[in-house]
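Remarks on the overall topology
This is what each chain is made of:
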Amino acid sequence: MRMEQLYSLIGADMKAVDAVIRQRLHSEVALVCQVAEYIVQSGGKRLRPALVLLSAGALGYRGRHHHELAAVIEFIHTATLLHDDVVDGSDLRRGRETANALFGNSASVLVGDFLYSRAFQMMVVVDDMRIMQVLSDATNVIAEGEVLQLMNCHDAGIDEQGYLQVIRYKTAKLFEAAAQLGAIIGGGDAAVEKAMAIYGLHLGTAFQLIDDVLDYSGSEVETGKHLGDDLAEGKPTLPLIFVLRNGNPEQAACVRRAIENGGRNDFPLVLAAIRASGALQYAKQKAKAEAELAAAALDVLPASQYKDSLLELCLFAVARNH
C-alpha cells in the first residue's frame, strides 16, 4: 500500500498543511529559509501531520486549526531530524544529502532551533492551554529520549526495556501527541483523548521497530539511508539485543564487539548473526503486536472512513519497506 492511497481521504487537508508550512517557514534570514526549505521539502511520509488530520476527522472536526497543528507537528519532527543528523554524523537521509552535510553542523543546529521556536509561536495562535501542554510535554520528552539514546550508544548491556524506553520517548511520543491533538480539537472526552494517545504511542513504537529492522534488511534505494548506520553509531537496537540474548556465543561476541566499537567493519558478520538467529522475525513480531495494540485503542471511535484510514496506518507501519 502506498502513502498516496492512505492519504486520499485527506488530500486537500495535506495540501493546506503544506501551504501553512511554506508560509510559516518564512524568515528575513536567508540561510534559515534555505536550510528549512531543503529539509522540509526533501520528501518524507508526513505521517505525523496526517495523524492530526485523521484523528480530528474521525471525531467530526471541521475547523481549520488542525492544519496549523499538523504543521507544528511537522516542524517539531523536522527540528529533531536536523539535530539527529548532526549528533549521528549522518550524511544521507531520504536518498539525499543531509542538511548538515550540505550546509554544515552549525547551520543545521541553529535552524533546528528556529523550527522549534516557530512551532511554539504557532501553538499560541490556536490559543488552547491543553494543546500547549501536550506539545510542550512531548517536546521535552523527545529531548530526554535523544539524551537517553546518546547515553546508550556503545553500551552492549542495554536490555529490551531500555531500548523500548528510548524509542517511546524519542519517536513514539510525537506520534502520541499528534493523535492526541486530533482528539482534543475534535472535542473528544478524556477517555477518547487517552485512547488516541495510546493509539499514537503504539503506532509510533511499531513504526520505529520496523525502521530498526530495515536498517539490516532494507534496500538503500528504498530506505534512503545507508544500511548499517545504527551499527556504525554503536546503537543497540532490538535485532542486536536479540542476538546478544539468544545467539550462540560466537554470534553474541561479534555483536557485542560491534556495538562497543562502532563502525562498519563487522557489519557482514553481524548481519549474518542477525539473520541466523531469527532476530528480524522477532522484531517484526514485536512491531505487529504494537500495531495490534494501536488498532485496539481505536475501538472508542465511531465507524468512519477516517477510522478506517487510522487502522490502515497500523498495517502500513508493519508491512512497509521504506
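Residues numbered from 1 in each chain as written. Predicted model: local features only at pLDDT ≥ 70, side-chain atom pairs only at ≥ 80, totals over all residues. Heavy atoms only, no water.

Where an unreviewed UniProt entry is consulted, the protein chain appears under the name Octaprenyl diphosphate synthase, with the organism given as Candidatus Accumulibacter phosphatis. UniProt lists a comment for the protein chain under the heading Cofactor (unreviewed entry), and it reads "Mg(2+)". (UniProt positions renumbered as here; feature names shortened; annotations may be inferred.)

Considerations on the overall build of the protein chain
Helix and strand content of the protein chain: 17 helices and 2 strands. Overall size of the protein chain, expressed as C-alpha extent along the three principal axes, is 60 × 45 × 30 Å. Put simply, 77% of the contacts in the protein chain that link residues at least 6 apart link residues at least 24 apart. On the protein chain, roughly 13,700 Å² of surface is accessible, and the fraction owed to carbon and sulfur atoms is 53%. Side chains of the protein chain give 30 positive and 40 negative charges; the mean places of these two sets differ by 4 Å. (Helix = DSSP H or I, 4+ residues; strand = E, 2+ residues; numbered from the N terminus. Contact = heavy atoms within 4.5 Å. Areas by Shrake-Rupley, 256 points an atom, 1.4 Å probe, with all protein chains shown as cover. Lys, Arg positive; Asp, Glu negative; His and termini not counted. Charge placed at Lys NZ, Arg CZ, Asp CG, Glu CD.)

Some points on helix α7 (residues 105–126)
For α7, built from 22 residues, the straight-helix expectation of 32 Å at 1.5 Å per residue is met to within 8% by its first-to-last C-alpha distance of 33 Å. Of the residues making up α7, those classed as buried are A107, S108, V111, G112, F114, L115, Y116, R118, A119, M122, M123 and V126. In this fold, the buried residues of α7 make contact with α2 (11–24), α3 (30–40), α5 (65–88), α6 (99–103) and α8 (129–152). Count one or two residues on from α7 and you reach D127, which has phi positive near 60 degrees. (Expected span 1.5 Å × (residues − 1). Buried < 20%, exposed > 50% of the residue type's maximum accessible area, 1.4 Å probe, protein only.)

Looking at helix α15 (residues 267–277)
Each α-helix winds once per 3.6 residues, and so residues spaced three or four apart point in a common direction. Among all positions of α15, only F267, V270, L271, A273 and I274 are buried. The buried side chains of α15 occupy one side of the element, clustering within an arc of 160 degrees when seen end-on. Turned more than 90 degrees away from the buried face of α15 sit P268, L269, R275 and A276, all of them exposed. Looking at the buried side of α15, the elements it contacts are α10 (190–217), α12 (229–232), α13 (238–246), α14 (249–261) and α16 (279–297). Phi turns positive one or two residues past the end of α15, at G278, with a value near 85 degrees. (Arc of directions from axis to C-beta.)

Details of unusual backbone geometry
Residue D127 is not a glycine yet carries a positive backbone phi of 60 degrees. Considering the arrangement of structural elements, one finds D127 in the loop between α7 and α8. Residue classification places D127 among the exposed residues on the basis of a relative accessible area of 67%. Even without a glycine there, the phi angle at H154 is positive, about 70 degrees.

Considerations on the layout of surface pockets
Of the volumes computed, that of the second largest pocket is approximately 230 Å³. Forming the boundary of the second largest pocket are 15 residues, of which H83, D84, V87, E146 and L150 lie nearest the centre. For the lining of the second largest pocket, the secondary-structure elements that each account for two or more residues are α5 and α8. Broken down by element, the residue count for the lining of the second largest pocket peaks at 6 residues, all from α8. Partitioned by chemical class, the residues of the lining of the second largest pocket number 7 nonpolar, 3 polar and 5 charged. (1 Å grid on protein atoms, 1.4 Å probe; cavity = no way out; pocket = protein on both sides within 12 Å on 5 of 7 lines; lining within 4 Å. Points joined across faces, edges and corners; volume = space filled by probe spheres on them. Nonpolar A, V, L, I, M, F, W, Y, C, P; charged D, E, K, R; others polar.)

Focus: the packing of α3 against α7
At a closest axis distance of 10 Å, the pairing of α3 and α7 adopts a crossing angle of 90 degrees. When the axis of α3 is compared with that of α7, the two are roughly perpendicular. In this structure, α3 uses L31, V32, V35 and A36 to contact α7, whose residues at the interface are A107, V111, F114 and L115. (Axes fitted to C-alpha atoms, helices over the stretch in contact; angles between N-to-C directions. Parallel < 35°, antiparallel > 145°, perpendicular 65-115°, else oblique.)

Let's talk about the packing of aromatic side chains
One pass over the structure, following the stated rule, counts 4 aromatic pairs. Taken together, a centroid distance of 5.7 Å and an interplanar angle of 75 degrees make the contact between Y38 and F103 edge-to-face. One end of the pair, Y38, is in helix α3; the other, F103, is in helix α6, and 65 residues separate them in sequence. Overall, Y38 belongs to the buried group, its relative accessible area being 15%. Residue F103 is classed as partly exposed on the basis of its relative accessible area, which comes to 24%. Against the face of F207 rests R320, its NZ or CZ located 3.7 Å from the ring centre. (Phe/Tyr/Trp six-rings, centres within 6.5 Å; stacked < 30°, edge-to-face > 60°. Lys NZ or Arg CZ within 6 Å of the ring centre and 35° of its normal.)

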